[in-house]
Amino acid sequence: MFNHLTKPRWLAVVLPVLSVVALVLVGRWLNATKVGGQAPAEPFRIAGNFYYVGASDVAAFLITGSEGHVVLDGGYPTTARLIIASIAKLGFDIKDVKVLVNSEPHPDHGGGLTVLQQASGAQLWASDASAGSLATGGDDPDGILPLRALIWIGVLGYPRPRVDHRFKDGDTIRVGPIALTAHITGGHTRGCTSWSFPVRDGDRTLNVVSACDLGVLATSRYPEQGADRERSIRVLRDLPVDIWVTCHARWWGRYRKFVASATATNPVEPFIDPDGYRAYLDAAEAELRQGRVH
Ligand SMILES: [Zn+2]
């Protein structure tokens, strides 16, 4: 469509468009850092050795064990300070965190990993696809060019964590008695990882699933995305679930369950929610069928 324009004219058309896109995206990102779920939140025990240590919506979890702890997700760079304070408030030491794992490398979940890694000395594990993005401070090869360019020039992006280990789909990561199984459930990003692990509550064992975001962003598309989402929904439907969570706490009802837990006879009971999990997957499947993009 620009055939009739000379090169400088072509640039004169394209550059302003890209600038507007970039400004919109920066605005969105800045908003997200201030109000997008980053308000401080009370940390709490979900069940057994499984705790919430994230912000009001940007989630992070602590799984404690006799031979060291695991933290799942890092929030934004600025969320990491809240996470560290929440771990201390629960009576644990960030220095005892030995392993960091992540759901996906977007800045709201991967951004704080470097701060957590520096404070703890923990080893970071990632899927191959996530490792690439994490190691470049959030550059998503499937991201749209203006967004990537802003990361390259340092306007977006985050401090680069050191990725120590890579896992394959179905691998189990162990820290003493803790055993987390990785399910690479791509769609939102290629390497997005859901996690499943058992948690003891008294004399019963509960199955926990941390499920990936299954929505698609207009700013991050790739050819196999539809097929990945189909498969991911299928994989997640097959996992046994008592307690489920996601990287955005409002999706699994953090606050509602936290409040209900405070007055429940067994404080774990409000977190047992296989119906909510199925509803989450049903909604993801409906979005996929409708072709909805965020
Ligand atoms: Zn994301």
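The notes below deal with the structure included here. Bear in mind the structure is a predicted one, so any value in this text is a computation, not a measurement. Per-chain numbering applies: the sequence of each chain, read as written, is numbered from 1 onward. Reporting of local features is limited, given that this is a predicted model, to residues whose pLDDT is at least 70; pairs of side-chain atoms are given and counted only at 80 or more, and all residues count toward the totals for whole chains, interfaces and linings. Neither water nor hydrogens contribute to the side-chain values; these are computed over all heavy atoms in the structure.

Remarks on the overall build of the protein
1) Next: Secondary structure assignment for the protein yields 9 helices and 12 strands.
2) Next: Here the term buried applies to any residue with accessible area under 20% of the maximum for its type, exposed to any over 50%, and partly exposed to those in between, with areas from a 1.4 Å probe on protein chains only. The buried share among the 294 residues of the protein stands at 51%.
3) Next: Working rule for contacts: check all heavy atoms of both residues, and any pair within 4.5 Å makes them a contact. At a minimum sequence separation of 6, the contacts of the protein that also span at least 24 residues come to 66%.
4) Next: Of the accessible surface of the protein, which amounts to about 13400 Å², a share of 58% is contributed by carbon and sulfur atoms. Helical segments are the DSSP runs of H or I of at least four residues, strand segments are the runs of E of at least two, and each set is numbered from the N terminus. Using a 1.4 Å probe, accessible areas were evaluated by the Shrake-Rupley method; residue-level cover was limited to the displayed protein chains.

Some thoughts on the packing of helix H7 (residues 225-237) against helix H9 (residues 274-290)
For any two helices packed against each other, one specifies the inter-axial angle together with the distance between the axes.
1) Next: With axes taken as lines fitted to C-alpha atoms, and helix axes fitted only over the stretch in contact, angles between N-to-C directions fall between 0 and 180 degrees. For the pair H7 and H9, interaxial distance at closest approach is 11 Å and the crossing angle is 160°. Here H7 is positioned roughly antiparallel relative to H9, judged by the angle of their axes. Judged by the sense of rotation from one axis to the other, the crossing of H7 with H9 is left-handed. On the side of H7, the interface is formed by Gly226, Arg229, Glu230, Ile233, Leu236 and Arg237, while H9 contributes Tyr277, Arg278, Leu281, Asp282, Ala284, Glu285, Glu287, Leu288 and Arg289. Angle categories: roughly parallel below 35 degrees, roughly antiparallel above 145, roughly perpendicular from 65 to 115, and oblique for all the rest. Take the far helix as your reference; a near helix turned counterclockwise from it by less than a right angle gives a left-handed crossing, and one turned clockwise gives a right-handed crossing.

Describing the state of the cysteines
Simply put, disulfide is the name for a covalent bond between the sulfur atoms of two cysteines.
1) Next: The disulfide definition used here is simple: a pair of cysteine sulfur atoms within 2.5 Å. In total, this model carries 1 disulfide according to the counting rule given.
2) Next: For Cys192, the disulfide goes to Cys212, at an S-S distance of 2.2 Å. Since a negative S-S torsion denotes a left-handed disulfide, the Cys192-Cys212 link at about -115° is left-handed. Separated by 20 residues along the polypeptide, Cys192 in the loop between strand S9 (178-184) and strand S10 (193-201) and Cys212 in the loop between strand S11 (204-211) and H7 bring together distant segments of the chain.
3) Next: Take Cys192: its relative accessible area is 0%, and that puts it in the buried class.

Re the pattern of salt bridges
1) Next: By convention in these notes, a salt bridge is any Lys or Arg side-chain nitrogen within 4 Å of a carboxyl oxygen on Asp or Glu. Within this structure, the stated rule accounts for 18 salt bridges.
2) Next: Lys89 is paired through a salt bridge with Glu42; the nearest N and O atoms lie 3.1 Å apart. Pair noted here: Lys89 is in helix H2 (residues 79-89) and Glu42 is in the loop between helix H1 (7-34) and strand S1 (44-47), with a separation of 47 residues, a long-range link.
3) Next: Residue Lys89 is classed as exposed on the basis of its relative accessible area, which comes to 56%.
4) Next: Look at Glu42 and you get partly exposed, because its relative accessible area is 38%.
5) Next: With its nearest N and O atoms 2.8 Å apart, the salt bridge here joins Arg190 to Asp142. A residue pair is termed long-range when its members are at least 10 positions apart, and Arg190 in the loop between S9 and S10 and Asp142 in the loop between helix H5 (128-135) and helix H6 (145-152) qualify at 48 residues.
6) Next: The exposure class assigned to Asp142 is buried, which follows from its relative accessible area of 15%.

Notes on the packing of aromatic side chains
Each aromatic ring pair is described using two quantities: the centre-to-centre distance and the angle formed by the ring planes.
1) Next: For Phe, Tyr and Trp, rings pair up if their centres lie within 6.5 Å, where Trp contributes its six-membered ring, and each pair is then called stacked (planes under 30 degrees apart), edge-to-face (over 60) or tilted (otherwise). Counted by the stated rule, this structure contains 14 aromatic pairs.
2) Next: Geometrically, the ring pair formed by Phe50 and Phe197 is edge-to-face, given 5.2 Å between the ring centres and 80° between the ring planes. Placement of Phe50 in strand S2 (residues 50-52) and of Phe197 in strand S10 is noted, with a sequence separation of 147 residues between them. As far as the burial class goes, Phe50 and Phe197 line up, both buried.
3) Next: Cluster of aromatic residues (ring-pair linked, three or more members): Phe44, Phe50, Tyr52, Phe61, Phe197, Trp252, Tyr255, Phe258 and Phe271.

Topic: H9
1) Next: Multiply 1.5 Å by the residue count of a helix minus one, and that product is the helix's expected span. Look at H9: 24 Å from first C-alpha to last across 17 residues, which is about the 24 Å you get at 1.5 Å a residue.
2) Next: Just downstream of H9, Gly291 is the residue with a positive phi angle, here 70°.

Here's the deal with a nonpolar patch on the surface
1) Next: On the surface, a cluster of nonpolar side chains totalling about 450 Å² of accessible area is made up of Leu145, Trp152, Ile153 and Val155.
2) Next: Residue position: Leu145 is located in helix H6. Patch criteria: residues need more than 30% relative accessible area and no salt bridge. Like-charged residues are merged within 9 Å; nonpolar side chains of Val, Leu, Ile, Met, Phe, Trp and Tyr are merged within 5 Å.

Here's the deal with the coordination of the zinc ion
1) Next: Keep in mind that water is not among the atoms, so a site may look incomplete; donors are the N, O and S atoms within 2.8 Å of the metal, or 3.2 Å for Na, K and Ca. Looking at the metal site, the zinc ion is ligated by Glu104 (OE), Glu104 (OE), His106 (ND1) and His188 (NE2), spaced 2.1 to 2.7 Å from it.
2) Next: Between 85 and 135 degrees for all angles marks four donors as tetrahedral; over 155 degrees for opposite donors together with 65 to 115 for all other angles marks four donors as square planar and six as octahedral; every other arrangement is irregular. Considering all 4 donor atoms around the zinc ion, angles at the metal cover 51 to 125° and the coordination shape is irregular.
3) Next: Read in sequence order, the donor residues coordinating the zinc ion give the pattern E-x1-H-x81-H. With Glu104 in the loop between strand S5 (97-101) and helix H3 (107-110) and His188 in the loop between S9 and S10, this pair connects stretches of sequence that are 84 residues apart.
4) Next: Assessed through its relative accessible area of 1%, Glu104 is described here as buried.

Let's talk about the packing of H2 against helix H4 (residues 113-120)
1) Next: With their axes 8 Å apart at the nearest point, H2 and H4 run at an angle of 40° to one another. Taken together, the axes of H2 and H4 lie oblique to each other. Considering how the two elements wind past one another, H2 and H4 form a crossing that is right-handed. Taking contact as the criterion, the partners of Ala80, Ile83 and Ile84 in H2 are, on H4, Val115, Leu116 and Ala119.

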